[in-house]
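Listed below are the residues making up each chain.
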Amino acid sequence: EIINEIESMDGSGEMFSEDKWGAFNEINENDATVPSESGGITRVLQDGNVVEKGACSLTLIRNGVLSAERAATVSGRSGVDVAGGDSYSAAALSIVLHTRSPLVPTFRSDVRIFLVRAKDRDDDNKGEEVMAWFGGGADLTPYYLFDSDIEEFHGAYQNLCSSHFPQGHDLAESYSYQSMKRWCDEYFYLPARSEHRGTGGIFFDDMAATADTLRFVEGVANTWMPSWMPIVKRHKDGEYTDEQRRWQLLRRGRYLEFNLLYDRGVKFGLANANPRVEGVMVSAPPLIAWEYNHEVAEGSEEERLMKILKEPKDWVFS
């Protein structure tokens, strides 16, 4: 549905390519069977009218083995006893849509699950312990600020969070919209530049997998297109200058810097033996620019954006 909606909105006639790998090579589109081995599907639209490059990726990892370093990272974040040698499985669905027009923000989103089978370390014959966590989110990277668009986007996720984790719910505080908005601002940050990548959204990780949290994760994915498409439709046909396009490419350079230097997903993917580099790097923008010591004009729209990226603001209030 998402693929069809994006292709229809783009209107160029360009279609998402399909690259299946691993276990998915052996499954046809009408087969609902979950693969028993690792694999994935990468779909990419390039040179569209609205989407200059868009990637939708499904990844499934089965029967992986945690290294000591990865186990320490999982234990440190989740507070659960996980050790090197424990087996893990993971699945992720992600979307990154880089727009041609600098008036339309880049959109990034994902949902994922990470499951660990911890070996019995007490010799009490209880067998392995199975633990699973959800993660995901959605965020915008605009090149020019239309405040009402950003407020609308954040409002969609505020409503989602409050409907699933209302006041009094066990997760109402730790996974409130305000908490996940703050987490998003903190995660998509370039410390070397002292600036944030975009205007954020929500980001969550290490959310214990339950029936309640599964419904929330499904809600996140169901909110992706309704939160972004209205913004696209308002600005996709707007005229822009060569200077605005140049600014977009400079900001895309920051996007790539974050991916290469700080993004956990990219680091995780490239750390695997014989990584699928094309798949791991599929979220990279199609064109970028770096310019030495670029300065924005005082009082310009570019300066207004930079002030927000230096000091994020609250876009919606409870």
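Structure report, in brief. (Residues numbered from 1 in each chain as written. Predicted model: local features only at pLDDT ≥ 70, side-chain atom pairs only at ≥ 80, totals over all residues. Heavy atoms only, no water.)

### Some thoughts on the pairing of strand β5 (residues 106-118)
Regular strands place side chains that alternate from one sheet face to the opposite one.
Phase 1: In the sheet, strand β4 (residues 87-99) pairs with β5 via 11 bridges, with the strands oriented antiparallel. Bridged to I95 within β5 is S109.
Phase 2: Connecting β4 to the next strand, β5, in antiparallel fashion are 6 residues.
Phase 3: Here β5 pairs with strand β6 (residues 129-141) via 13 bridges, running antiparallel. Directly across from F114, in β6, lies its bridge partner W133. (Pairing = 2+ DSSP bridges. Helix = DSSP H or I, 4+ residues; strand = E, 2+ residues; numbered from the N terminus.)

### Some points on the pattern of salt bridges
Between side chains of opposite charge, a pair can form when the charged atoms approach closely.
Phase 1: For the structure shown, the criterion picks out 21 salt bridges.
Phase 2: Across the pair E52 and R252 runs a salt bridge, and its minimum N-O distance is 2.7 Å. Residue E52 is found in strand β3 (residues 51-65), and its partner R252 is found in helix α6 (residues 242-261); the two are separated by 200 residues along the sequence.
Phase 3: What makes E52 buried here is its relative accessible area of 5%.
Phase 4: One salt bridge in this structure joins R197 and D139, with 3.3 Å as the shortest N-O distance. Of this pair, R197 sits in the loop between β8 (195-196) and β9 (200-208) while D139 is found in strand β6, placing the two residues 58 residues apart along the sequence. No difference in accessibility class separates R197 from D139, as the two residues are buried.
Phase 5: One salt-bridge network, held together by shared partners, links R108, D110, R112, D139, R197, D205 and R264. (Salt bridge = Lys/Arg side-chain N within 4 Å of Asp/Glu carboxyl O. Buried < 20%, exposed > 50% of the residue type's maximum accessible area, 1.4 Å probe, protein only.)

### Re the pairing of β9
Phase 1: Counting buried residues along β9, 8 of its 9 residues qualify, which places the element largely inside the surrounding structure.
Phase 2: When β6 meets β9, the two strands line up antiparallel, connected through 7 bridges. When the bridges of β9 are listed, D139 appears paired with G201.

### With respect to the nonpolar core
Phase 1: In this structure, F107, F204, F216, W224 and W228 are the most contacted members of the largest nonpolar core, which totals 53 residues.
Phase 2: Sort the elements by how many residues they give to this core and helix α5 (residues 211-235) lands first, with 10 residues.
Phase 3: For W228, the residues in contact, after removing those within four places along its chain, are M9, V51, L97, T99, P105, F107 and L140.
Phase 4: In this structure, L66, Y88, M131 and W133 belong to the second largest nonpolar core, which totals 11 residues. (Core = buried A, V, L, I, M, F, W, Y, C linked by side-chain atoms within 4.5 Å. Contact = heavy atoms within 4.5 Å.)

Geometric values such as these leave the question of function open.
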